[in-house]
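# Coordinate analysis (summary)
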Amino acid sequence: MAGPSDPHQAIAEGLAALQAREPQRAAQLLRSASSALPEIEFPWMALGNVELALGNLDAAEAAVDRQLKLETRDVGALLVKGHLRERLGDPRGASSFYQAAANQVATGSPIPPPLTSLMAHGRQFIESSKGDYGAHLREVVGDGLSPTMREAIDLLTGQSRLYLQEPSVFYYPGLPQKWFYDPADFAWLETMLELAPAMREELEAREGAGFEPYVKQQANRPAPNNPLLGRMDWSAHYFWQDGSMVEGHARACPRTMEALGHAPLPQVPGRAPNALWSRLLPGAHIAPHHGMLNTRLICHVPVRTAPGCSLRVGNERREWIDGQALVFDDSIEHEAINAGPETRVILLFEIWRPEIPEEDRTAIARIFQAIDTFGIN
């Protein structure tokens, strides 16, 4: 039976047929009107959906492509295009359209209600495809890859995030984006590690004395937006704080001070050295954050290790192990967690990054002295 001669009426009847789940009639009506109207006036997604319902994948994709030509970021069209690419055996294409839809939703574009489940499927498809894509690349490239190349493939396939230096206060340009440094590059750490048992004895003799919350509010400054504010879950026992020695703690712990004497602690009046026992109680979580500047490295010498404790810097997670130091760039996002039943304590201190020349270290120290004196009469 012939359809109506008026293309607008044909579209209206076709949409009604689609609503009534009469795909054959809907397809006939919509096809008849598709060439009789300007492209911008035709409901291409309706035709695409009805062709999809009939199993005409190529025709459905052609209709969806016409909609994407008109609106390149139409969330519904992107999702259906991803579904069609998936059904047509193109997983990379499917992932790219599903991801484009997810990106649009992230910017505030709504998901058409009938496609909510397809959006959820698309997100799952993206995640599963990352693993398949990475496995394929490794199979073709081979297993004999350096750690750098393995990380590059993880970034390429979306299995890892790109973490870069994002200091909250001061950025020194041109430094390598390196999460962890090899402790073997710092020979003086060996002597410090040899003193770890003596430091542990001093820690046990203190029986928790001298610790205070690590996260505190400074006078005349807003309180940090940190759930550990004022809590002992993460606490500090300072030996050097903001460039000044804590005399009582230093006298009580001579072997710890001996250990710190081997480290090249930076000297910045009013700012550094900073050196402390950092204590993490069971269940404590130091949320992801960035340090203030990228010109230093943070060193951890284990004093009391505990199971279930770990430090993540960038994409790499490590545990504290007796006899092994950790050296890392804290301007890269990092977090720590104690998921075990015991308390973990490390000796924490900072050093200059080795790439910073002496004249720039002096200039950086002057910059922070200037910052500290700004606004003071």
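Quick summary incoming for the structure in this document.

About the thresholds
- Residues numbered from 1 in each chain as written.
- Predicted model: local features only at pLDDT ≥ 70, side-chain atom pairs only at ≥ 80, totals over all residues.
- Heavy atoms only, no water.
- Axes fitted to C-alpha atoms, helices over the stretch in contact; angles between N-to-C directions.
- Helix = DSSP H or I, 4+ residues; strand = E, 2+ residues; numbered from the N terminus.
- Parallel < 35°, antiparallel > 145°, perpendicular 65-115°, else oblique.
- Left-handed = near helix turned anticlockwise from the far one by under 90°.
- Contact = heavy atoms within 4.5 Å.
- Nonpolar A, V, L, I, M, F, W, Y, C, P; charged D, E, K, R; others polar.
- Buried < 20%, exposed > 50% of the residue type's maximum accessible area, 1.4 Å probe, protein only.
- Pairing = 2+ DSSP bridges.
- Core = buried A, V, L, I, M, F, W, Y, C linked by side-chain atoms within 4.5 Å.
- Disulfide = S-S within 2.5 Å.
- Patch = residues over 30% accessible without salt bridge, like charges linked within 9 Å, V, L, I, M, F, W, Y side chains within 5 Å.
- Areas by Shrake-Rupley, 256 points an atom, 1.4 Å probe, with all protein chains shown as cover.
- Salt bridge = Lys/Arg side-chain N within 4 Å of Asp/Glu carboxyl O.
- Phe/Tyr/Trp six-rings, centres within 6.5 Å; stacked < 30°, edge-to-face > 60°.
- Polar contact = N/O pair within 3.5 Å; in protein donor to acceptor, adjacent residues only side chain to side chain.

Looking now at the packing of helix H1 (residues 7-19) against helix H2 (residues 23-34). Relative orientation of the contacting elements H1 and H2 amounts to 155 degrees, with a least axis distance of 8 Å. Between H1 and H2, the interaxial angle falls into the category roughly antiparallel. At the point where H1 passes H2, the crossing takes the left-handed sense. Counting all contacts with H1, which are made through Pro7, Ala10, Ile11, Glu13, Gly14, Ala17 and Leu18, the residues of H2 involved are Arg25, Ala26, Leu29, Leu30, Ser32 and Ala33. Residue composition of the contact of H1 with H2, grouped by class: nine nonpolar, two polar and two charged.

With that out of the way, let us pick up the pairing of strand S11 (residues 334-338). Looking along a regular strand, one sees side chains alternate from face to face of the sheet. Burial analysis of S11 places four of its five residues in the buried class, the great majority of the element. In the sheet, strand S6 (residues 285-289) pairs with S11 via three bridges, with the strands oriented antiparallel. Bridging across to S11, His285 finds its partner in Ile337. Direction of pairing for strand S8 (residues 309-313) relative to S11: antiparallel, over a ladder of five bridges. When the bridges of S11 are listed, Ser310 appears paired with Ile337.

Formed by 32 residues in total, the largest nonpolar core has its most connected members in Trp188, Leu189, Met192, Leu260, Trp277, Leu347 and Phe349. Other than its neighbours up to four places away in sequence, Leu347 contacts Met192, Met199, Phe239, Thr256, Leu260, Leu276, Trp277, Cys299, His300, Val301 and Val303. Core analysis: the second largest hydrophobic core is formed by 24 residues, Leu228, Leu276, Ala284 and Ala336 among them.

Within this structure, the stated rule accounts for zero disulfides. Among the cysteines around Cys299, which has no disulfide bond, Cys309 carries the closest sulfur, lying 19 Å off. Under the relative-accessibility criterion, Cys299 is labelled buried at 1%. Taking the relative accessible area as the measure of exposure, Cys309 reaches 2% and is therefore buried.

Turning next to the sheet that holds S6. Judged by pairing direction, the sheet is antiparallel, and its four strands sit side by side in the order S6-S11-S8-S9 without closing on themselves. The sheet terminates laterally at S6 and strand S9 (316-318), the two strands that pair on one side only. With strand direction ignored, the average angle separating the axes of adjacent strands in the sheet is 15 degrees. Bridge count between S8 and S9: three bridges; the pairing is antiparallel. Within S9, the position partnered with Arg312 by the bridge is Arg317.

Glancing now at helix H3 (residues 44-53). By the criterion of burial, H3 is predominantly enclosed, with eight of the 10 residues buried. Within the sequence span of H3, burial applies to Trp44, Met45, Ala46, Leu47, Gly48, Val50, Glu51 and Leu52. For H3, the secondary structure elements touched by its buried residues are H1, H2, helix H4 (57-70) and helix H5 (75-87). The first or second residue beyond H3 is Gly55, which carries a positive phi of 85 degrees.

A surface patch of nonpolar side chains, about 310 Å² in accessible area, is lined by Val169, Met292, Ile367 and Ile371. On the accessibility criterion, Met292 (34% relative accessible area) is partly exposed.

Applying the stated criterion across every chain, the model contains 11 aromatic pairs. On the numbers, 6.1 Å between centres and 50 degrees between planes, the contact of Trp188 with Phe349 is tilted. Taken as a pair, Trp188 in helix H9 (residues 188-194) and Phe349 in strand S12 (residues 344-352) lie far apart in primary sequence, 161 residues in all. Judged by relative accessible area, Trp188 falls into the buried class, the value being 18%.

Within the secondary structure, Asp329 sits in the loop between strand S10 (326-328) and S11. The exposure class assigned to Asp329 is buried, which follows from its relative accessible area of 0%. Polar side-chain contacts of Asp329 include one of 2.7 Å to the side chain of Ser331. Sequence-distant contacts of Asp329, defined by excluding residues within four places in its chain, comprise Gln165, Lys178, Trp179, Asn294, Arg296, Leu297, Val313 and Arg353.

Another point: the pairing of S12. With nine of its nine residues buried, S12 lies for the most part within the structure. Across the two faces of S12 the burial is the same, with Arg344, Ile346, Leu348, Glu350 and Trp352 and Val345, Leu347, Phe349 and Ile351 all buried. Relative to S12, strand S5 (residues 275-280) runs antiparallel, the two being bridged by six bridges. In the strand pairing of S12, Ala275 is matched with Phe349.

Here Asn338 shows up in strand S11. In terms of polar contacts, Asn338 uses its side chain to reach the backbone carbonyl oxygen of Leu280, at 3.0 Å.

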